[in-house]
Amino acid sequence: MTDMTATTTAGPGALQNLRHQLRKLRHLAQPFFLPLDQASGWQFIGLLVSLLFCVGGIVLAVLTVLIRSLEKLQPALTEKYFGGVASTITTIWSGAWGIAFVALFLIGVGSFISFRQQLRGRRWLHWLLLAAIVLMLLAVNGINAGIGFIARDLTNALVSKQEDGFYRILIVYGACFVVALPIRVAQIFFTYKLGIIWRNWLSRSLIEDYMSNRAYYVLNPNDEAATDVDNPDQRITEDTRSFTAQSLSFTLGIFDAFLTFSLNILILWSISRTLTLSLFGYAAFATTVLVVSGRNLVRINFDQLRYEADFRYGLVHVRDNAESIAFYSGEVPEQQETERRLGSVVRNFNLLIIWRVIIDVMRRTIGYAGIFFPYLLMAPAYFSGEIDYGGFVQANFAFNMVEGSLFFVVNQIEELAQFTAGISRLEGFQTKVEQVSQEAPTNRKSRVLPGSDAIVIQSADLFTPNGSKPVIKDLTLSVGDHDKLLVVGPSGCGKTSLLRMISGLWDPSSGSVERPETGDLLFIPQKPYMLLGSLREQLCYPTEEERFSDEQLRSVLEQVNLSKLVSRYPDLDIKQDWPRILSLGEQQRLAFGRLLLNSPRFVVLDEATSALDVKTEKHLYNLLLERDLSFISVGHRPALKQFHSNVLELAGNGDWKLIPAGSYNPEAA
C-alpha cells in the first residue's frame, strides 16, 4: 500500500518510484524468459533487442524475395504500387545498409546462442512465440503503411471518375485485407497462447513457493494484522491472469505503436511538415495533462482490487460455514458484515467513477481535436492546389496512424493504472512467498530429525504470536516410543499452542524442539481437514492412493465404525462436499481411519474425539493402543486418563506440571 501511495506523489522521488516499479516488473516478468540469478536486467533488455534484430533480418529477407519475385512476374504492378519498397530494398542491398542489417541479424542470433544455457527448460519456446508475434506485427504494420498509398490512389481515381483504374486499385486494396486478416488472426492466437503459457508458468511457480516451507501457513496467521498479504487466493488466480495478459498487451502495444510511428511519420513528414510538428506539440501537451491527472487511478485501482477480494472472501466464508450460521440463525450479522464489505467496494468504485469520467472527458476532447487538426491545417494546401484530394486523404490516414501511436499510453491510461496496481500486489506476494519458502531451517528452533525415536523439548519458552502472553515457561519434556501423554488445563491455557510448537508451526522464543520427520508424525485436529476430492483421497491423505487397495480402505472404515459410509458410498472414487455431508463425529472417525492407514510412529491428537460418545472414543483409543503408537492427546474428558501414561497440566500463566496418569485427579485439577 505504501508503494502505491508513493507513486501518486509528485516531486524528485517520481523517477525513483518509476525505477522501483520497473524493478518489480522485472522481478515478475524476467524469470519466464531468463533466470533472475543468471542474467541481469540489462541483459534481458539486450536479448529483447536482439529478438528485434533477428525478426527484422528475417522480414527483410522475406520481403526481398517477395519483391524480386513480383518484379519478374508483375513488373508493371510492382512499379505502380511497390516501386518505393523495391527501390528501398535495392538501396539497402547495394550499400552499407545491407551490411549493417546482416551484422545486426548475426548479433541477434549470436546473443541467443550465448544464452542457450539460460534458455533451457522450454524457455526457448517462450522466445519463439514472442518472435512469431513480433514478426506478424511487422507484417501487419507494413501492409497498413502500404494501404495509405493505395487509399490515396483509390480516392484520386474515384474523384477523377477513372472507372477501370478504380476497380484495379480496389482489387489490390481488397488483396491487402485478405493477406492481413490471417496474419492478424494468427497474431491474436499466438498472443493468447503465450499469455496462457506464461500464466500457467507463473501460477505454478507461486503455488510451489506458497506450498513450500509452510509459507501458506505463515502468510495466513491467526492474527490478520500480522501480515500485509491479503487474499493470497486472488493474487494467485486473478492477479496472475491480469498481469500476464496486460504485460503482453502493453509490451506488444508499445512495439506496435513504435512500428506504426516509424512507418507513417516519414509519410506524414513528406506530405506536410506543419501538420507533423503540430501533432508532436499537441501530443506532448495532451499526454502530460492526462498522465498527471491519471496518477490517482493507480492508488484507487489498488484499493479496488483489495476491496473486491475482501467482498468475495466474505461470501465464500458464508458458503463454507452455511450450516453453522443456520444453527445460530446468524443471518443478520452475516448480512451486515457482507454489506459492509460491499459498501467498501461501492464507495471506492464511486471515487473511481469520478476519476474515470475526468480522464474519459479529457481523452475524448483530445480525440475530437485530433479529428479537427488535419482539416484545419491541410485545407489551405488543398484549396491552393498544392496537394490533390488523394494526398489529403493519405495525410489524414497517416496523421491518424501516428496520432494513435503517440497516444498509445494516453488511450490505455486506466488499464495502465490497473496494471501498475496489479504489479505491486503480485510482486509483493511473490516476494513474501519466496522469502518464507527459502527460509533456512537452521534459523528455526524447531527441528526435524530424520530417524528420531522421540519428541524432545528442551527448556522451551513459548509466547503468543504478539509476544505479550506466556504460554509455557522452561518446558522440558520427552515423548519416546510407546509413551502416551495427555495434555490438560483450563480453556485458553495454551494446549493447542503447545501442539503447534510440537508440530513445528510455532517456534519457541527460547529452548529447542526436536521431532521425527513428517512421515513418522501425524497431527489430528479437533475439526479434521476434508480436502476437495473423493472418499478414497480423504482416507489416504496425505499419502499416495496407490498404496492401499479398496479392501484395505473399506476394512479401515469398518474399524472406525463407519460401515454405514461403506454401504452408502460403495464407489470410493465418488466426490462429494464431505464437510457438509459428514457430521463432525463422522469426520473425526474418518480422521482416525486416515491415521490407521498412514501408520505413523507418533500421533498428536487435539481433542480429536470431542464429538464422539465415550464408547466410540474408547474403541478408537484402543485401536491406537493395539498398534502401540506413541501419542500426545489434548482433551477434557476424565475417561481419557486411562489411555495415557503421563499427564501434562498447564496452568495458563506459563506454569506446568508433569505427573503420572495414575496420580492425576481430574476433580482436584
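Residues numbered from 1 in each chain as written. Predicted model: local features only at pLDDT ≥ 70, side-chain atom pairs only at ≥ 80, totals over all residues. Heavy atoms only, no water.

Here the focus is the environment of L268. Within the element layout of this structure, L268 appears in helix α10 (residues 232-271). Assessed through its relative accessible area of 0%, L268 is described here as buried. As a C-alpha pair, L268 and L36 span 232 residues in sequence and 42 Å in three-dimensional space. Non-local contacts of L268, meaning those with residues more than four positions away in its chain, are made with L275, T276, L279, A395, A398, F399 and V402. (Helix = DSSP H or I, 4+ residues; strand = E, 2+ residues; numbered from the N terminus. Buried < 20%, exposed > 50% of the residue type's maximum accessible area, 1.4 Å probe, protein only. Contact = heavy atoms within 4.5 Å.)

Tallied over the entire structure, the rule returns 23 aromatic pairs. Taking the centre distance of 6.0 Å and the plane angle of 50° together, the rings of F261 and F280 count as tilted. With F261 in helix α10 and F280 in helix α11 (residues 273-294), this pair connects stretches of sequence that are 19 residues apart. Overall, the relative accessible area of 24% leaves F261 in the partly exposed class. The exposure class assigned to F280 is partly exposed, which follows from its relative accessible area of 34%. Ring pairing ties together the aromatic residues F32, F33, F44, F112, W127, W198, W201, F243, F250 and F419, which thus form one cluster. (Phe/Tyr/Trp six-rings, centres within 6.5 Å; stacked < 30°, edge-to-face > 60°.)

This next bit is on the sheet that holds strand β6 (residues 521-524). Taken in spatial order, the 6 strands of this open sheet run β6-β7-β8-β4-β9-β10, and their pairing is mixed. The two strands at the open ends of the sheet, each matched to only one other strand, are β6 and β10 (656-660). Direction aside, neighbouring strands of the sheet carry axes that sit 15° apart on average. Pairing of β6 with strand β7 (residues 602-606), which is carried by 4 bridges, proceeds in the parallel orientation. For L522, the partnering residue across the bridge sits in β7 and is V603. (Pairing = 2+ DSSP bridges. Axes fitted to C-alpha atoms, helices over the stretch in contact; angles between N-to-C directions.)

Axis separation between helix α7 (residues 123-159) and helix α8 (residues 163-210) bottoms out at 8 Å; the angle between their running directions is 160°. Between α7 and α8, the angle is such that the two are roughly antiparallel. Viewed along their axes, α7 and α8 form a crossing whose handedness is left-handed. Along the lines of polarity and charge, the residues of the contact of α7 with α8 split into 29 nonpolar, 4 polar and 3 charged. (Parallel < 35°, antiparallel > 145°, perpendicular 65-115°, else oblique. Left-handed = near helix turned anticlockwise from the far one by under 90°. Nonpolar A, V, L, I, M, F, W, Y, C, P; charged D, E, K, R; others polar.)

Here we take up the packing of helix α3 (residues 41-73) against helix α6 (residues 96-114). Contact pair α3 / α6: the axes reach a minimum separation of 8 Å and the direction vectors enclose 130°. Relative to α6, the element α3 is oriented oblique. In this structure, the crossing between α3 and α6 has a hand that is left-handed. Here α3 contributes L47, S50, L51, F53, C54, G57, I58 and L60 to the contact with α6, which in turn contributes F101, L104, F105, G108, V109, S111 and F112. The residue inventory of the contact of α3 with α6, partitioned by class, reads 11 nonpolar, 4 polar and no charged.

The terminal C-alpha atoms of helix α15 (residues 389-406), which comprises 18 residues, lie 25 Å apart, in line with the 26 Å expected from a rise of 1.5 Å per residue. Those residues of α15 lying buried are G390, G391, F392, Q394, A395, N396, A398, F399, M401, V402, E403 and S405. (Expected span 1.5 Å × (residues − 1).)

The subject of this paragraph is the nonpolar core. Of all hydrophobic cores here, the largest spans 45 residues; its most connected members are L34, W127, W198, F243 and F429. Contributing elements (two or more residues each) for this core: α2 (13-33), α3, α7, α8, α10 and α17 (413-437). Contact partners of F243, with chain neighbours within four places excluded, come to L25, L28, A29, W198, L202, F419, I423 and L426. Core analysis: the next-biggest nonpolar cluster, separate from the first, contains 41 residues, L553, L562, Y621 and A661 among them. (Core = buried A, V, L, I, M, F, W, Y, C linked by side-chain atoms within 4.5 Å.)

This paragraph deals with the side chain of E427. Relative to the helices and strands, E427 is located in helix α17. Summary of buried charges: E427 has no salt-bridge partner, and the nearest side chain of opposite charge, K24, is 4.8 Å away. Residues contacting E427, with those up to four places away along its chain left out, are K24, H27 and L28. (Lys, Arg positive; Asp, Glu negative; His and termini not counted. Salt bridge = Lys/Arg side-chain N within 4 Å of Asp/Glu carboxyl O.)

Consecutive side chains of a regular strand alternate in pointing toward one face of the sheet and then the other. Examined bridge by bridge, strand β9 (residues 646-650) and β10 share 5 bridges and lie antiparallel to one another. Counted as the bridge partner of V647 is I659 from β10. The antiparallel pairing of β9 with β10 creates a hairpin that spans 5 residues between the two strands, and G652 there sits at a positive phi of about 105°.

As a further point, take unusual backbone geometry. In this structure, the amide linkage connecting Y541 to the following residue, P542, adopts the cis form with an omega of 5°. One can find P542 in the loop between α19 (535-540) and α20 (550-559). Positive phi is not limited to glycine here, since K161 has a value of about 55°. Within the secondary structure, K161 sits in the loop between α7 and α8. The exposure class of K161 is exposed, given its relative accessible area of 76%.

Next up on the list: the side chain of T155. Mapped onto the fold, T155 is located in helix α7. Owing to a relative accessible area of 15%, T155 belongs among the buried residues under this scheme. For T155, the contacting residues outside a window of four places in its chain are Y389, G390 and V393.

Next up on the list: the confidence of the model for the protein chain. Averaged over the protein chain, the pLDDT score is 83; the fraction of residues at 70 or greater is 92%. Below a pLDDT of 50 lies the segment residues 1-12, which in the model reaches 24 contacts outside its immediate sequence neighbourhood of four places, other chains included. (pLDDT = per-residue confidence, 0-100.)

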